[in-house]
Amino acid sequence: KGVNDTAKDYLQRFNAVSVRESSGVDLCKEYFGVDAAHIMDPVFLCEKQYYDELVDSVNDDAPEKYLLCYILDPTPEKERFAAEIARKKKLKIITILGMKEFKWAKDKWHMGQVLQNVTSEQFLFYIKNSDYLLTDSHHGTCFGIIYEKPYLALVNSSRGATRFESVAEKLGLKDRLVYTPYDLPDSIYDAPIDYESVEKKLSQENARSLEWLKD
């Protein structure tokens, strides 16, 4: 059997299958004959109070005002974009690089203070306390939304653009997606996010996703 046939065989044994990207529904149907449900990424289904408990365990002295760059795949274009945001917003830059990517990524990113050996608790701490978030990470984006941060998400096509787009579409945040980080209008940096509206949509989607899990 080929890989697809083996995956199809195993997937069809499940009573239910979920995906976090809307495109995954079509892919599961086409390649595996599975009717998958599109539900929210699991990080949204955990109540924020539990993340706060992790944040409260951190004793780091973060600067009073900073731009957090959580970057998995550094490029000169992303560096210039981070520098532009920091200049416009008058913020210091703090950077977290991907844990798995750190060894090679650290030589390709030269913006601000680069944190090393970052724990999960510190990751949440620096997102929660940031004044602005720039990230090319799907989960960085998710936690920016959870903590209601002003943010811009650099759509990382090499890691799957649809995971960025699916969340943005469901929560009305498509204007926070950046595909080409240069020559952007000033309005994009300062455009407020209506988190009251986002929270309503998120609550509805979470309820639907949790009901799916219970079923």
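For the structure itself, look to the data block above.
Everything quoted here is computed from the prediction, not taken from an experiment.

Colleague: Is there a simple way to think about the overall build of the protein chain in this case?
Modeller: Of regular secondary structure, the protein chain possesses ten helices and eight strands. Over its C-alpha trace the protein chain gives a radius of gyration of 19 Å, about what one expects of a compact globule, namely 17 Å for 215 residues. Expressed along its principal axes, the backbone C-alpha trace of the protein chain runs to roughly 55 × 35 × 35 Å. Going through the 215 residues of the protein chain one by one, you find that 45% of them count as buried. By sequence separation, contacts in the protein chain at least 24 residues apart represent 65% of the contacts at least 6 residues apart. Put simply, the protein chain shows about 12,000 Å² of open surface, and 49% of that area lies on carbon and sulfur atoms. The centroid of the 29 positive side-chain charges in the protein chain is displaced by 3 Å from the centroid of its 36 negative side-chain charges.

Colleague: Is there a simple way to think about the pattern of salt bridges in this case?
Modeller: Side-chain pairs of opposite charge can arise where the charged atoms are in close proximity. Within the structure shown, the criterion is met by 15 salt bridges. When the shortest N-O distance is used, the salt bridge between Lys89 and Asp190 registers 2.7 Å. Separated by 101 residues along the polypeptide, Lys89 in helix H4 (residues 76–89) and Asp190 in helix H9 (residues 187–190) bring together distant segments of the chain. According to the relative accessible area criterion, Asp190 is exposed, its value standing at 51%. Within this structure, Arg20, Glu21, Asp41 and Arg163 form a network of salt bridges that share partners.

Colleague: It is not clear to me how the sheet that holds strand E6 (residues 132–135) should be interpreted in this structure. Could you clarify?
Modeller: Strands pair in a sheet through their backbones, by hydrogen bonds, and they do so in one of two ways: parallel or antiparallel. If you trace the six strands from one edge of the open sheet to the other, you get E5-E4-E3-E6-E7-E8, paired in parallel fashion. Strands at the two margins of the open sheet, each flanked by one partner only, are strand E5 (113–115) and strand E8 (177–178). Bridge count for E6 against strand E7 (residues 151–154) is three bridges, and the pairing is parallel. Of the residues in E7, the one forming a bridge with Leu134 is Leu152.

Reading guide: rules and limits
Residues numbered from 1 in each chain as written. Predicted model: local features only at pLDDT ≥ 70, side-chain atom pairs only at ≥ 80, totals over all residues. Heavy atoms only, no water. Helix = DSSP H or I, 4+ residues; strand = E, 2+ residues; numbered from the N terminus. Rg over C-alpha atoms; globule rule 2.2 N^0.38 Å. Buried < 20%, exposed > 50% of the residue type's maximum accessible area, 1.4 Å probe, protein only. Contact = heavy atoms within 4.5 Å. Areas by Shrake-Rupley, 256 points an atom, 1.4 Å probe, with all protein chains shown as cover. Lys, Arg positive; Asp, Glu negative; His and termini not counted. Charge placed at Lys NZ, Arg CZ, Asp CG, Glu CD. Salt bridge = Lys/Arg side-chain N within 4 Å of Asp/Glu carboxyl O. Pairing = 2+ DSSP bridges.

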